[in-house]
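Spelled out from the first residue to the last, the chains are:
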Amino acid sequence: MIINEKEIYECLAAAKEATPEQVLTILTRARAAKGLSLSEAAVLLHVDDPVLLATLYTTAQEVKERIYGKRVVLFAPLYLSNECTNNCLYCAFRHSNSDLKRRTLTLDELREEVLILESMGHKRLLLESGEDLSRVPIDYVIKAIETIYATKSNRDAIRRVNVNVAATTVENYRALHAAGIGTYQLFQETYHRPTYETMHPSGPKASYEYHLTAMDRAMQAGIDDVGLGVLFGLYDHRFEALALLQHAAYLEETYGVGPHTISVPRLRLSGNEPMPAVPLLSDEEFTRLVAVLRLAVPYTGIIMSTRENAQLRDLLLDLGVSQMSAASVTSPGGYRADENKTTSQQFATYDHRSLLEIVRAIGKKGYLPSFCTACYRVGRTGEHFMEFAKDGEIQSFCQPNAILTVAEYLADHGDEATQREFAPLIDKWVAEISDPAVRSLTRLHLQELSEGRRDLYL
Ligand code: SAM
Ligand code: SF4
């Protein structure tokens, strides 16, 4: 059983009775970065005393920093098509939305989008699409991935394509795996079956069971790097968070490897959804949720999209987020300056800063922006990634690779002011590398970068 509702409701009911002493005991244990039990996570999701909340946040910040250091991985979504045969009530791409301008990119149009993203300095993409077996068949998706990897300009290239396309068959997952994808992401949207059934009235996505078991098929097809997510705002966020943790634990128990990432998209209404009015979770609830997830699954990356505004995104970096999208658009062909995005987009975005502005803001907060793609290229994925992550090796590989990729980004896409701002930061980050051999190698690679070499990593 993947989701045990009875256990979730029991944990939630018991959590309401937790005393401040119990909360503090859980937080003390959480500091060891060994994760939380379901009942402990439930207790922390109910904390609303300001003093206890402040302790929860400092604990999340401590754990985040111990495991991830100061790194923040940056990426952009790339929409292939907004054709969709499903009718998800919350989504502007839903089949019944006759106001949407529909479009599937040709491979030439896709190349154009990739070149724009590369010229911004992006190295990691998340491929997105509606589900339409005839207009967006798997062969087209595979060709699109090959096209993205093959589209290079000057020194720029996309080095990792993560994929967020509809739940599919083992055979199709095998084809995606063979095409060299990074993480396969799929959001359950809601783990609450009755809400799921209301929100997904027709189309292949209407089956809760088929959607829920997608990651099993992906794992059976050899994809050991998967990302889970919930569309927060459809149902009670505490129920969803515990179900997400059950799903993560199930994957770890069954396949020996838990999810590589968890995404926390929050529902954004784009205007004309035929949705019942549902209460969205507040910024405060959302913030607490991110901190609890950080403590519950310390080794799982947390991804934050531009559905959230700049201020909240910057705050959540402190509390657990380890990856964020930057300068995103949510429509196929939308990166072209002359494209009218609003008639074809999935939802509006709320952080409109350019990639360079986001890089600067991250640096100003003392964080280290990273465009690193090394792990998946040298086979540190799935179980192998978890082994090395849990041995604390993240710091020895990821810190130097983040430094090298941001130095490369600044050399090719930074302006003089940003290069000046980052020079002392890079010196400081290199000095913080504890292993002298790794530190020397990083300095050597930085020298080689300044002489024109590219794509250097450990
Ligand atoms: N079509 C595939 C699917 O639904 O699984 C691929 C992913 S879809 C392009 C990307 C995600 O956008 C969905 O999984 C959903 O969580 C999210 N989404 C859809 N409508 C949204 C909205 N109004 N606000 C925020 N996120 C939304
Ligand atoms: Fe289609 Fe995905 Fe939107 Fe549902 S969420 S309508 S499947 S694009």
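Basis of the calculations
Residues numbered from 1 in each chain as written. Chains lettered and ligands numbered in written order. Predicted model: local features only at pLDDT ≥ 70, side-chain atom pairs only at ≥ 80, totals over all residues. Heavy atoms only, no water. Helix = DSSP H or I, 4+ residues; strand = E, 2+ residues; numbered from the N terminus. Rg over C-alpha atoms; globule rule 2.2 N^0.38 Å. Contact = heavy atoms within 4.5 Å. Areas by Shrake-Rupley, 256 points an atom, 1.4 Å probe, with all protein chains shown as cover. Lys, Arg positive; Asp, Glu negative; His and termini not counted. Charge placed at Lys NZ, Arg CZ, Asp CG, Glu CD. Domains from an automatic or database assignment. Buried area = accessible area lost by both parts, 1.4 Å probe. Salt bridge = Lys/Arg side-chain N within 4 Å of Asp/Glu carboxyl O. Polar contact = N/O pair within 3.5 Å; in protein donor to acceptor, adjacent residues only side chain to side chain. Nonpolar A, V, L, I, M, F, W, Y, C, P; charged D, E, K, R; others polar. Phe/Tyr/Trp six-rings, centres within 6.5 Å; stacked < 30°, edge-to-face > 60°. Buried < 20%, exposed > 50% of the residue type's maximum accessible area, 1.4 Å probe, protein only. Near = heavy atom within 4 Å. Core = buried A, V, L, I, M, F, W, Y, C linked by side-chain atoms within 4.5 Å. Pairing = 2+ DSSP bridges.

Draft legend 1. Representation of the overall build of the protein chain. Secondary structure assignment for the protein chain yields 19 helices and 9 strands. At 21 Å, the protein chain has a C-alpha radius of gyration in line with the 23 Å of a compact globule built from 458 residues. Along the first, second and third principal axes, the C-alpha atoms of the protein chain reach 60 × 55 × 40 Å. Contacts in the protein chain between residues far apart in sequence, at least 24 positions, make up 76% of those at least 6 positions apart. Total accessible area on the protein chain is roughly 17800 Å²; 53% of this is exposed by carbon and sulfur atoms. Side chains of the protein chain carry 48 positive and 60 negative charges; the gap between the two charge centres is 3 Å.

Draft legend 2. Local environment of the domain arrangement of the protein chain. Domain boundaries in the protein chain define domain 1 (5-65), domain 2 (71-378) and domain 3 (388-450). Between the C-alpha centres of domain 2 and domain 3 the distance comes to 28 Å. In this assembly, 26 residues from domain 2 lie in contact with 23 residues from domain 3. With both chains or domains summed, domain 2 and domain 3 bury close to 2000 Å², and 60% of this area falls on carbon and sulfur atoms. Asp412 is the partner of Arg155 in a salt bridge, and the nearest nitrogen-oxygen pair spans 3.4 Å. The interface formed by domain 2 and domain 3 holds 7 residue pairs in polar contact (both at pLDDT 80 or more) in total. Among the elements of the structure, α5 (107-120), α14 (355-364), β9 (368-370) and α15 (374-377) are those that each provide at least two residues to the side of domain 2 that touches domain 3. The dominant element in the side of domain 2 that touches domain 3, judged by the number of residues it contributes, is α14, at 6 residues. In the side of domain 2 that touches domain 3, the residues fall into 12 nonpolar, 5 polar and 9 charged.

Draft legend 3. Just the packing of aromatic side chains, in detail. Counted according to the given criterion, the structure contains 8 aromatic pairs. Centroid distance Tyr9 to Phe239: 5.3 Å. Interplanar angle 40°. Geometry classified as tilted. With Tyr9 in helix α1 (residues 5-15) and Phe239 in helix α11 (residues 237-255), this residue pair connects regions lying 230 residues apart in the sequence. Overall, Phe239 belongs to the buried group, its relative accessible area being 0%.

Draft legend 4. Just the site of ligand 2, in detail. The full set of residues close to ligand 2 is Cys84, Asn86, Cys88, Tyr90, Cys91, Phe93, Arg94, Gly130, Lys205 and Gln346. A breakdown of the residues in the shell around ligand 2 according to their chemical character gives 5 nonpolar, 3 polar and 2 charged.

Draft legend 5. The arrangement of the nonpolar core in detail. Formed by 131 residues in total, the largest nonpolar core has its most connected members in Leu44, Tyr184, Tyr191 and Leu242. The greatest single-element share of this core, amounting to 9 residues, is contributed by α11. Setting aside chain neighbours within four positions, we find Leu242 in contact with Ile8, Cys11, Leu12, Leu38, Ala41, Ala42 and Leu45. Counting 14 residues, the second largest nonpolar core, distinct from the first, contains Cys88, Leu89, Ala92 and Leu234.

Draft legend 6. Focus on the pairing of strand β1 (residues 71-81). Taking burial as the measure, the 11 residues of β1 include 11 buried ones, the bulk of the element. Judged from the 3 bridges that link them, β1 and β9 form a sheet pairing that is parallel. Along β9, the bridge assignment pairs Val73 with Ser370. Pairing analysis gives 3 bridges linking β1 to strand β8 (residues 323-325), with the strands arranged parallel.

Draft legend 7. View of the site of ligand 1. Taken together, the neighbourhood of ligand 1 is formed by 17 residues, with Tyr90, Glu189, Lys205, Arg268 and Arg307 sitting nearest. The contact in question runs from a nitrogen atom of ligand 1 to an N or O atom on the backbone of Tyr90, over 2.9 Å.

Draft legend 8. Representation of the pattern of salt bridges within the structure. Scanning all chains against the criterion turns up 28 salt bridges. The salt bridge partner of Glu10 is Lys6, with a shortest N-O separation of 3.0 Å. Within this pair, Glu10 and its partner Lys6 are both found in helix α1, separated by 4 residues, close to a single helical turn. Classification of Glu10 by relative accessible area gives partly exposed; the value is 46%. Lys6 gets classed as exposed once you look at its relative accessible area, which sits at 58%. A single salt-bridge network, built from bridges that share partners, covers Arg266, Arg268, Asp283 and Glu308.

Draft legend 9. Geometry of the environment of Ser331. Take Ser331: it is sitting in the loop between β8 and α14. Not counting residues within four places of it along the chain, the set of residues in contact with Ser331 comprises Tyr79, Lys341, Ser344 and Gln345.

Draft legend 10. Molecular detail of α14. Taken residue by residue, α14 has Leu355, Ile358, Val359, Ala361, Ile362 and Gly363 as its buried positions. Gly366 sits one or two positions beyond α14 and adopts a positive phi of about 90°.

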